[in-house]
Amino acid sequence: MRDHLRERFEAERRRTAFLSFLAGAGIGIIAADTWVSHWLGVPGGLAIGALAYAITYGYDTLMWRRRHGR
């Protein structure tokens, strides 16, 4: 039987990680295009967005496991 709290957490974890990706990608595109190189704007932004996604997803997972042990 699936735990209702776990299902809500999984949905929220994916949502917050995706929103972190969007914010990180936007900031990364602007920063990479402005200060690094015009050719690295979009790839650099996507890389920073992916890093933001991974950090948020990992942090949420760590906190869930610390509190609930699974």
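Every chain is numbered independently, its residues counted from 1 as its sequence is written. Predicted model: local features are reported for residues with pLDDT of at least 70 only, side-chain atom pairs are reported and counted for 80 or more only, and whole-chain, interface and lining totals are derived from all residues. Side-chain numbers here rest on the full set of heavy atoms in the structure, without hydrogens or water.

Undergrad: Which residues make up the pattern of salt bridges, and what are the values?
TA: For side chains of opposite charge, pairing can occur when their charged atoms come near one another. Here a salt bridge means any side-chain nitrogen of Lys or Arg lying within 4 Å of a carboxyl oxygen belonging to Asp or Glu. Under the definition given, this model contains four salt bridges. Notably, a salt bridge pairs arginine 13 with glutamate 10, separated by 2.5 Å at the nearest N-O pair. Here arginine 13 pairs with glutamate 10, and both are found in helix H1 (residues 4-36), just three residues apart, close to one helical turn. Each residue gets one of three labels from its accessible area relative to the maximum for its type: buried under 20%, exposed over 50%, partly exposed in between, using a 1.4 Å probe on protein chains only. Classification of glutamate 10 by relative accessible area gives buried; the value is 13%. One salt bridge in this structure joins glutamate 10 and arginine 14, with 3.9 Å as the shortest N-O distance. Highlighted residues: glutamate 10 and arginine 14, both in helix H1, separated by four residues, approximately one helical turn. Helix and strand assignments come from DSSP, with helices taken as H or I runs of at least 4 residues and strands as E runs of at least 2, each series counted from the N terminus.

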